[in-house]
Amino acid sequence: MLEIARIREEKENIIEGLKKRNTDFSEKINGIYNTDAAWREVKKELDEIAAESNKIAKEIGQLFKEGKQQEANAAKEKTNLLKEKEKAAREKEASLAEDLQKRLYEIPNVPSSKVPNGKTPEDNEVARTGGNVPALPETAMPHWDLAKKYNLIDFEMGVKVTGAGFPFYYGKGARLQRSLINFFLDQARDNGYTEVLPPFVVNQDSGYGTGQLPDKEGQMYHCEVDDFYLIPTAEVPLTNMYRDVLLNENDLPIKVTGYTPCFRREAGSYGKDVRGLNRLHQFDKVEVVHIEHPSKSYETLETMVAYVEGLLQKLELPYRVLKLCGGDMGFTSALTYDLEVYSAAQKKWLEVSSVSNFETFQANRLKLRFRDKDGKNKLAHTLNGSALALPRIMAALLENNQDETGIRIPKVLVPYTGFERI
RNA sequence: GGAGAGAUGGCAGAGUGGCUGAACGCGCACGCUUGGAAAGCGUGUUUACAGAAAUGUAACGGGGGUUCGAAUCCCCCUCUCUCCGCCA
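Residues numbered from 1 in each chain as written. Chains lettered and ligands numbered in written order. Predicted model: local features only at pLDDT ≥ 70, side-chain atom pairs only at ≥ 80, totals over all residues. Heavy atoms only, no water.

### Side note on the state of the cysteines
The term disulfide refers to a covalent linkage connecting the sulfur atoms of a pair of cysteines.
(1) Moving on: All chains considered together, the criterion is met by zero disulfides.
(2) Moving on: Between C223, a cysteine without a disulfide, and C262, which holds the nearest cysteine sulfur, the sulfur-to-sulfur distance is 15 Å. (Disulfide = S-S within 2.5 Å.)

Printed below as a string of structure tokens:
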């Protein structure tokens, strides 16, 4: 959520900045600006009434002490009128405040000046590429066929037991999955992240805290009886640990990592993109989260991208780093890098990580602040990134490393899997 | 699921109707002191809105009520803790 103070101070800049999202927010922002002005006006009026009431109340108290019953009772009469006025003003103030809050929730983050212009994924900027695309034999298969051939993953069993998008992993497939999780967590630990194993279900406040609500209501699985949401990413519990927290400046930066399954309804997705492991309702992911000093967050974003890139290099996967254009960026982000791996049999790029700086957008909702040197409380910056999302890594590993007799496991994973080939 | 207790500032914890935006302590910041540090001493230390400022107003889990006046009394809700039951 944008800070209302920013809209007061630099309304035009915000409208201009939001144009990168290819939507004109001038009407909404102006609406917020005017609602805020109206709210302040009513608040002022309410304050004046309250000041008057307080003054009279004090006088009455004094009169009672002095034993002047009659004068006190006369003064009481005066307050009746004030009370009515106060009630009306209070109702107006509350409804304006609520309206303002609701409207603010609907405004996405302002893209950073570094964000490229553009509307669709085609407009994303390729920052760099790495690794080599393997030369596959004629007989190369997409991962869903490989999964079947070597009995690694059973998609139909998932359909039977749960539904589409909930696969079963077997034998070496399950081992490889678990190995990747451990590899990613160990790498994160070696890079200074504290490992956290959070709940996989969160309450509504947490959904609002990181911005999934109200924007993505329909994308999360909702347990209505308890009003809990299945997490779509570990970002939600990991970041919400710091909701309503006041940190000391020297607590920063905070670096946490966590493995969780992620649950996404993916309402509206269909077609060949969803084949095999490409898009699932439940998948595993290791996430890294940073809480940073505002002056360092962009520097940190680059180091996070470099970290994720290093993981892909260790896994010997061909990849590219994209700087997302304004039209393709998420609601809460100010700047996002996507990392994609090349899946050689499908002959396409698959997104395996998204690394974002949210600046104060989440912190404002979370009330995540730190006390700076002058004793002032300031909003911190939050950042996070996938490091990494498993299914598409699995898909690329299977496809890119296949030969006529099996599938090769990258060297770094062998200590985890206990086998070198499938 | 049953019974009881509680929710106050960054933390801990007083406060049962006006003198309490809130004692005392801890923490934190700055200053003094010191060769340096610790200790000690002093000052300061929530946020929002209005105002040039002085200052005013609001907020003591959330909502409603009583009252001229509520952190304090009443009602509802949420959450936490303890005991009992059930259970991995």
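Read on for the rest.
### Things to note about the pairing of strand β10 (residues 282-292)
(1) Moving on: Across the 11 residues that make up β10, a large majority, 10, are buried.
(2) Moving on: Both strand β9 (residues 254-263) and β10 contribute to a ladder of 10 bridges, which runs antiparallel. When the bridges of β10 are listed, T257 appears paired with V288. (Buried < 20%, exposed > 50% of the residue type's maximum accessible area, 1.4 Å probe, protein only. Helix = DSSP H or I, 4+ residues; strand = E, 2+ residues; numbered from the N terminus. Pairing = 2+ DSSP bridges.)

### Details of empty space enclosed by the protein
(1) Moving on: The tally for this structure, following the rule as stated, stands at one cavity of 30 Å³ or more.
(2) Moving on: Quantified by volume, the largest cavity comes out at close to 30 Å³.
(3) Moving on: Lining the largest cavity, in full, are M1, L2, E3, R6, N109, E359, T360 and F361. (1 Å grid on protein atoms, 1.4 Å probe; cavity = no way out; pocket = protein on both sides within 12 Å on 5 of 7 lines; lining within 4 Å. Points joined across faces, edges and corners; volume = space filled by probe spheres on them.)

### Notes on the layout of surface pockets
(1) Moving on: In this structure, the largest pocket spans a volume of roughly 1600 Å³.
(2) Moving on: Elements supplying a minimum of two residues to the lining of the largest pocket: β10, β11 (319-323), β12 (335-343), β13 (348-359), β16 (381-389) and α11 (390-400).
(3) Moving on: Looking at the lining of the largest pocket element by element, the count peaks at nine residues for β13.
(4) Moving on: Classifying every residue of the lining of the largest pocket by side-chain character gives 15 nonpolar, 17 polar and 17 charged. (Nonpolar A, V, L, I, M, F, W, Y, C, P; charged D, E, K, R; others polar.)

### Quick notes on the nonpolar core
(1) Moving on: Among the nonpolar cores identified, the biggest contains 61 residues, and L180, F184, L312, V341 and I393 are the most heavily contacted of them.
(2) Moving on: Element by element, the count of residues in this core is highest for helix α9 (residues 297-314), at eight residues.
(3) Moving on: If we skip the residues at most four places from it in the chain, I393 touches L180, L312, L315, L317, V341, V352 and L388. (Core = buried A, V, L, I, M, F, W, Y, C linked by side-chain atoms within 4.5 Å. Contact = heavy atoms within 4.5 Å.)

### Some points on the sheet that holds strand β6 (residues 222-223)
(1) Moving on: Reading across the sheet, the three strands line up as β5-β7-β6 and stay open at both edges, with antiparallel pairing between neighbours. Each end of this open sheet is capped by a strand with a single partner; those strands are β5 (201-203) and β6.
(2) Moving on: In terms of strand pairing, β6 meets strand β7 (residues 228-230) through two bridges, oriented antiparallel. Considered in β7, the bridge of H222 is made with Y229.

Spatial relationships are all this shows, so hold off on functional conclusions.
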